[in-house]
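Read off the chains here:
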Amino acid sequence: MRQLQLLHLCLFLAALLANGLIISAGACGQHLHSPMFFFLLNLALTDLGSICTTVPKAMHNSIWGSRHISSTGCAAQVFLIVFFLGTEDFLLTLMCYDCYVSICKALHYGTLLGSRACAHMAAAAWASGFLTALLHTANTFSLPLCQDNALGQFFCEIPHILRLSCSDTYLREFGLLAFSTFPFLGCFVFMLLSYVQIFRAVLRIPSEQGRHKAFCTCLPHLAVVSLFISTGTFAHLKPPSISSPSLDVVVSVLHSVVPPALNPLIYSLRNQELKDALRKMMTLSFQKQ
């Protein structure tokens with residue numbers, strides 16, 4: 001467990017540093033104001049928000065040997081984690097749309113993804129995440145709890161809170177699942193269909209260099225989406241037969257900390273403009289010292 005806590009802390013610090021650099025580069029770099037970088041800046045904000053919601057409290061409890069969290073604190077944690085993760089899902093859908101337009105509708109890119117349109121879409125993503133979090137939190141904490149109020153997790157998660165309820169939660173869980181599934185399933189289907197169109201368009205590009213450039217545009221987003229969906233799906237839909245308290249903690253750590261730590265790395269590896277902006281910003285900071 002001590003090794004897991006150390007890994008948890010290292011990933012948290014890496015995520016803080018990497019996403020902080022992305023936000024600083026996006027805010028300071030005048031040439032990084034394209035729609036993709038605008039959405040990437042918002043994605044970095046959601047990643048920072050999600051890890052800062054769960055990890056500091058977990059580290060505090062680990063250091064002081066406590067597992068206590070108030071009901072208000074637990075409700076706030078549930079609201080914020082659903083808010084940031086829900087917003088991230090919608091932002092990833094918008095970034096997929098950006099890839100689709102840049103490759104399949106290149107001539108209309110400036111019209112479809114102007115600065116005002118991007119701002120409206122980002123605002124809609126944040127508002128959708130807020131509404132989702134509000135409904136999830138209100139539904140979860142309206143249930144009476146009659147168990148020992150002990151969660152086998154390092155932060156409050158809805159499935160584990162529902163297990164503590166003494167009322168029949170099947171109808172509520174079904175309604176909550178249906179409400180959650182349709183928007184997120186819609187995002188998944190949209191991204192899937194978009195990538196089908198993207199790959200069809202890329203394969204029709206005659207030059208190998210053009211195909212390589214087009215693939216490099218979309219592969220970072222595809223990697224981030226795959227990481228987000230795979231860790232989230234396994235964390236919440238893993239078979240009960242393989243579930244155990246220790247495995248649940250490990251999976252929650254991976255789902256909550258690994259994607260925020262790896263997302264900036266994935267986007268910066270194949271993006272020369274972003275790497276140049278980060279290098280320039282760090283060079284200027286060292287020169288000032």
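Look above for the structure.
To keep things clear, this report deals only with the structure shown in the data block. Note that the coordinates shown come from a computational prediction; the quantities given were computed from them, not determined experimentally. (Residues numbered from 1 in each chain as written. Predicted model: local features only at pLDDT ≥ 70, side-chain atom pairs only at ≥ 80, totals over all residues. Heavy atoms only, no water.)

Quick look at the overall build of the chain now. Looking only at helices and strands, the chain features ten helices and zero strands. The linear arrangement of helices and strands in the chain, starting from the amino end, is α-α-α-α-α-α-α-α-α-α. Counting over 289 residues, the chain shows a buried share of 43%. In the chain, 76% of the contacts between residues at least 6 apart in sequence involve partners at least 24 apart. Taken as a whole, the chain presents about 15,600 Å² of accessible surface, with 68% of it coming from carbon and sulfur. (Helix = DSSP H or I, 4+ residues; strand = E, 2+ residues; numbered from the N terminus. Buried < 20%, exposed > 50% of the residue type's maximum accessible area, 1.4 Å probe, protein only. Contact = heavy atoms within 4.5 Å. Areas by Shrake-Rupley, 256 points an atom, 1.4 Å probe, with all protein chains shown as cover.)

As a further point, take the packing of helix H3 (residues 71-104) against helix H5 (residues 115-140). Running from N to C, H3 and H5 point in directions that differ by 145°, and their axes come no closer than 7 Å. The two elements H3 and H5 meet at a crossing, and its hand is right-handed. Contacts between H3 and H5 involve Ala-75, Val-78, Phe-79, Val-82, Phe-83, Phe-84, Gly-86, Thr-87, Phe-90, Leu-91, Leu-94 and Tyr-97 on the former and, on the latter, Met-121, Ala-122, Ala-125, Trp-126, Ser-128, Gly-129, Phe-130, Thr-132, Ala-133, Leu-134, His-136 and Thr-137. Residues belonging to the contact of H3 with H5 are distributed by class as follows: 17 nonpolar, seven polar and no charged. (Axes fitted to C-alpha atoms, helices over the stretch in contact; angles between N-to-C directions. Left-handed = near helix turned anticlockwise from the far one by under 90°. Nonpolar A, V, L, I, M, F, W, Y, C, P; charged D, E, K, R; others polar.)

Counted by the stated rule, this structure contains nine aromatic pairs. Judged by centre distance (5.7 Å) and plane angle (55°), the rings of Phe-38 and Phe-39 are tilted. The class for Phe-38 is partly exposed, based on a relative accessible area of 30%. Taken together, a centroid distance of 6.3 Å and an interplanar angle of 40° make the contact between Tyr-97 and Phe-190 tilted. Linking Tyr-97 in helix H3 with Phe-190 in helix H7 (residues 170-203), this pair joins segments that are 93 residues apart in sequence. Taken together, the ring pairs connect Phe-79, Phe-83, Phe-84, Trp-126 and Phe-130 into an aromatic cluster. (Phe/Tyr/Trp six-rings, centres within 6.5 Å; stacked < 30°, edge-to-face > 60°.)

Glancing now at the state of the cysteines. One pass over the full model with this rule turns up zero disulfides. No disulfide involves Cys-104; its sulfur sits 8.2 Å from that of Cys-218, the nearest cysteine. Assessed through its relative accessible area of 3%, Cys-218 is described here as buried. (Disulfide = S-S within 2.5 Å.)

Our next topic: H3. Along an α-helix, residues three or four apart share an orientation, since each turn contains 3.6 residues. Counted at 1.5 Å a residue, the expected span for H3 with its 34 residues is 50 Å, and the 49 Å between its end C-alpha atoms agrees. Within H3, 24 of the 34 residues are buried, leaving the element largely enclosed by the surrounding structure. (Expected span 1.5 Å × (residues − 1).)

Our focus in this paragraph is a nonpolar patch on the surface. Taken together, Leu-185, Phe-188, Val-189, Leu-192, Leu-193 and Val-196 make up a surface patch of nonpolar side chains, about 510 Å² in accessible area. Its location among the elements puts Leu-193 in helix H7. With a relative accessible area of 53%, Leu-193 lands in the exposed category. (Patch = residues over 30% accessible without salt bridge, like charges linked within 9 Å, V, L, I, M, F, W, Y side chains within 5 Å. Salt bridge = Lys/Arg side-chain N within 4 Å of Asp/Glu carboxyl O.)

A few words on the environment of Gln-5. By secondary structure assignment, the location of Gln-5 is in helix H1 (residues 2-28). Here Gln-5 falls in the partly exposed class, since its relative accessible area comes to 22%. Residues Gln-5 and Val-253, 248 residues apart in the sequence, show an inter-C-alpha distance of 9.4 Å.

For the rest of this paragraph, the subject is the nonpolar core. Core analysis: the biggest nonpolar cluster contains 49 residues, and Leu-40 and Met-95 have the highest contact counts within it. Only H1, helix H2 (35-64), H3, H5, H7, helix H8 (208-237), helix H9 (245-269) and helix H10 (272-288) provide two or more residues apiece to this core. At ten residues, the largest contribution of residues to this core is made by H2. Listed in part, the 13 residues of the second largest apolar core include Cys-74, Ile-81, Val-82 and Leu-162. (Core = buried A, V, L, I, M, F, W, Y, C linked by side-chain atoms within 4.5 Å.)

On to the environment of Ile-205. For Ile-205, the location among the structural elements is in the loop between H7 and H8. Contact partners of Ile-205, with chain neighbours within four places excluded, come to Gly-210, Arg-211 and Ala-214.

What follows is about the side chain of His-221. Relative to the elements of secondary structure, His-221 occurs in helix H8. Beyond its immediate chain neighbours, meaning those up to four positions away, His-221 contacts Leu-92, Met-95, Cys-96, Cys-99, Met-191, Tyr-195 and Tyr-267.

On the secondary structure map, Asn-263 appears in helix H9. A distance of 3.5 Å separates the side chain of Asn-263 from the side chain of Glu-88, its partner in a polar contact. Excluding residues that lie within four positions of it along the chain, Asn-263 makes contacts with Leu-43, Asp-47, Glu-88, Val-224 and Leu-227. (Polar contact = N/O pair within 3.5 Å; in protein donor to acceptor, adjacent residues only side chain to side chain.)

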